[in-house]
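Now for the letters of each chain:
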Amino acid sequence: MKFYSTNKQSEAVSFREAVIKSLPTDKGLYFPEEVPELDYLFLETLDYYSLPEIGMEVLRQFTKEDIPEQKLNEILHEALDFEIPVKEVEKNIHTLELFHGPTYAFKDVGARFLARCLGYFNETENKEVTILVATSGDTGGAVASGFHNVPGVNVVILYPSGKVSDLQEKQLTTLGGNITALEVEGDFDACQAMVKQAFLDADINSKLNLSSANSINIARWLPQSIYFFEAYKQLKDAKKLVVAVPSGNYGNITAGMLAKKMGLDIHRFIAASNANDTVPRYLKDGNYEVKPTVPTLSNAMDVSDPSNHPRMLELHEQNFKDIIKHTQGFTLNDQQTLDVMKSCYASNQYILDPHGAIGYQALKEKLEKKETGVFLETAHYSKFLSTVEQALDQKMDLPDFVSDLMTKEKVATKIGNSYDEFKAFLLG
Ligand SMILES: *Cc1c(COP(=O)(O)O)cnc(C)c1O
């Protein structure tokens, strides 16, 4: 299968090239030339498939010319070696717990898959690859963990100073080896802009073999559709499944839309955002207007110009009416988020993280009769412990896995919000 650019200027490339290049030169996003419809029988018998087996069915047609089946199978078994359970939080409202991977957030799925694909492609390349990643919080940790000690791959992570949680920062800055952390005086959009510019910089590209691990990379994005099938499988008796997705860069929700296009019977989606509500506003009137990013408690969603918006359009043949047929927006501010975390804990003893909380509340308010709701719990609450303590008004014990990490020493290089400084660092 070939992948074309959503800007339609660059030429279509193979899966392998799309993964290695990450971003087409025309600044679009790679998108598959065809969205395969999955076999009816597979969809009807999902419960007989394990998570990696679902992955095989979902991904094989995208990758078949570039990764032999057996290798894909091996990659999926390694990448998806943790569970993704659905739990009932209250009547009709379920959580898809995406935080059982090594860095406790959904980004482990895509990052681990991408790392193994690149490792495989790199076996025959004999060149070092430099991965550039901008992170608003969770991407960096997942990528650092996914790529740590992968031979021939160096990782440079840019994160906004003071805008990630302590635990997130530890996950970015304590691995060492082939992982370098840059602490940027600026917000996530600034980090993302620098990474994008580097990819288009001829100087840098003549010296370094760049690749990206952001959610824009097709190998991060495609495997995220797997767990929408997994959710459906576990809720197999549910009618009219509504999926609420706490969204920032809109990789997750568009992966769900891809699953739907492949034949998964998802009734509709709710794009749940914090105060950075470009897409919920867009879904109201079709007007995509970017405002300055504001910091919130759900910091992994502090994105005002989500990179995956073109994929949302592409999935619906650029037809706004078609998008809003299946997609609704929802927004919650910080105070409301805290209130929701508190009330959900009081009534269900379920601890929400500030991102999942917005998805949960979207279902509380928007679910209609005869619908079943599932929201994506995108990270474990301990990644946002101080917010959880504030919401629940009590001290919480750190789980062991967290306290070990917190004792490690942070190693990061500070840089200003200037592209030249970043460039000098990369070439230096
Ligand atoms: C990255 C992230 C999000 C946003 O996901 P997108 O795919 O960028 O929309 C939401 N919650 C958490 C915890 C995240 O790490």
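Residues numbered from 1 in each chain as written. Predicted model: local features only at pLDDT ≥ 70, side-chain atom pairs only at ≥ 80, totals over all residues. Heavy atoms only, no water.

Focus on the sheet that holds strand 2 (residues 13–14)
Backbone-to-backbone hydrogen bonds pair the strands of a sheet. The strands run either parallel or antiparallel.
1) Next: The three strands are arranged 2-1-3 in an open sheet whose pairing can be described as antiparallel. Edge positions in the open sheet fall to strand 2 and strand 3 (30–32), since each of these has one partner strand only. (Pairing = 2+ DSSP bridges. Helix = DSSP H or I, 4+ residues; strand = E, 2+ residues; numbered from the N terminus.)

A word on the side chain of Lys107
1) Next: Relative to the helices and strands, Lys107 resides in helix 5 (residues 107–122).
2) Next: Setting aside residues up to four positions removed in sequence, Lys107 forms contacts with Asp138, Thr139, Ala142 and Arg220. (Contact = heavy atoms within 4.5 Å.)

Looking at the site of the ligand
1) Next: Near the ligand lie 15 residues; those nearest to it are Lys107, Asp138, Gly248, Asn249 and Thr378.
2) Next: A distance of 2.8 Å is found between an oxygen atom of the ligand and a backbone nitrogen or oxygen belonging to Asn249.
3) Next: At a separation of 2.8 Å, an oxygen atom of the ligand approaches a polar backbone atom of Tyr250.
4) Next: The fraction of the free accessible surface of the ligand (380 Å²) that becomes covered by protein chains is 98%. (Near = heavy atom within 4 Å. Polar contact = N/O pair within 3.5 Å; in protein donor to acceptor, adjacent residues only side chain to side chain. Areas by Shrake-Rupley, 256 points an atom, 1.4 Å probe, with all protein chains shown as cover.)

A closer look at the packing of helix 11 (residues 226–234) against helix 12 (residues 251–261)
1) Next: As a packed pair, helix 11 and helix 12 sit with axes 8 Å apart at the nearest point and diverge in direction by 65 degrees. As the angle between them shows, helix 11 and helix 12 are arranged roughly perpendicular. Here helix 11 runs over helix 12; the crossing is right-handed. Here Tyr227, Phe228 and Phe229 of helix 11 come into contact with helix 12, specifically with Asn252, Ala255, Gly256 and Ala259.
2) Next: Partitioning the contact of helix 11 with helix 12 into residue classes produces five nonpolar, two polar and no charged. (Axes fitted to C-alpha atoms, helices over the stretch in contact; angles between N-to-C directions. Parallel < 35°, antiparallel > 145°, perpendicular 65-115°, else oblique. Left-handed = near helix turned anticlockwise from the far one by under 90°. Nonpolar A, V, L, I, M, F, W, Y, C, P; charged D, E, K, R; others polar.)

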